[in-house]
Amino acid sequence: QVQLVESGGGSVQAGGSLRLSCAASGDTYSRYCMGWFRQTPGKEREGVAAIDSDGSTSYADSVKGRFTISKDNAKNTLYLQMNSLKPEDTAMYYCAAAAGDTFRGRCFSTMHAFPYWGQGTQVTVSS
C-alpha cells in the first residue's frame, strides 16, 4: 500500500510556472506507475501525465510541450513541472499510483484504475 501527499499548488499569472510534488510512502517507489490527474467543476477528470517504472512518460495532448513529469526514486517523490501555464490549466491536481504487471508498461491508459490517490493540490492560473 502507498500513501500520497501532494504539494506545490498555488496561484500564478498566465505564462508562469509551478512545480507540483507528490511524496509517496509505504512501498517500493521505483516499481510503481505514477501519474497526475486534474479536475475542475463542470469538466470531466483528465489524465495529465504518467511515468512508468522504467522512466517512460506519456502526456495528455493539452499539456504536451508545456508540462514535464519526473520522479526521484531516492526521495520517493513524483514531480510535475508546469510551464507556460494557461487559465484553462486551473484545476485541482491529484497524484495517483499503482503497482503490478496490469499497469506496468501502460501507465497512462490505465490511470483510471490506479488504487492509490492523494488529497489534491489546487492550481489557479489568472489572465
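Shown above is the structure to which this text applies.
Residues numbered from 1 in each chain as written. Predicted model: local features only at pLDDT ≥ 70, side-chain atom pairs only at ≥ 80, totals over all residues. Heavy atoms only, no water.

Throughout this description, disulfide means a covalent bond between two cysteine sulfur atoms. Counted according to the given criterion, the structure contains 2 disulfides. Here C22 connects covalently by a disulfide to C95, the sulfurs 2.1 Å from one another. The sign of the S-S torsion, about -75°, decides the handedness of the disulfide formed by C22 and C95: left-handed. Here the residue C22 occupies a position in strand β3 (residues 18-25), and C95 occupies one in strand β9 (residues 91-99), the gap between them amounting to 73 residues. (Disulfide = S-S within 2.5 Å. Helix = DSSP H or I, 4+ residues; strand = E, 2+ residues; numbered from the N terminus.)

So, about the pairing of strand β4 (residues 32-39). Where burial is concerned, most of β4 is hidden: 7 out of the 8 residues are buried. By the bridge criterion, 5 bridges tie β4 to strand β5 (residues 46-51) in an arrangement that is antiparallel. Directly across from R38, in β5, lies its bridge partner E46. Hairpin connection, β4 to β5: the antiparallel pair is bridged by 6 residues, and G42 has positive phi, about 85°. (Buried < 20%, exposed > 50% of the residue type's maximum accessible area, 1.4 Å probe, protein only. Pairing = 2+ DSSP bridges.)

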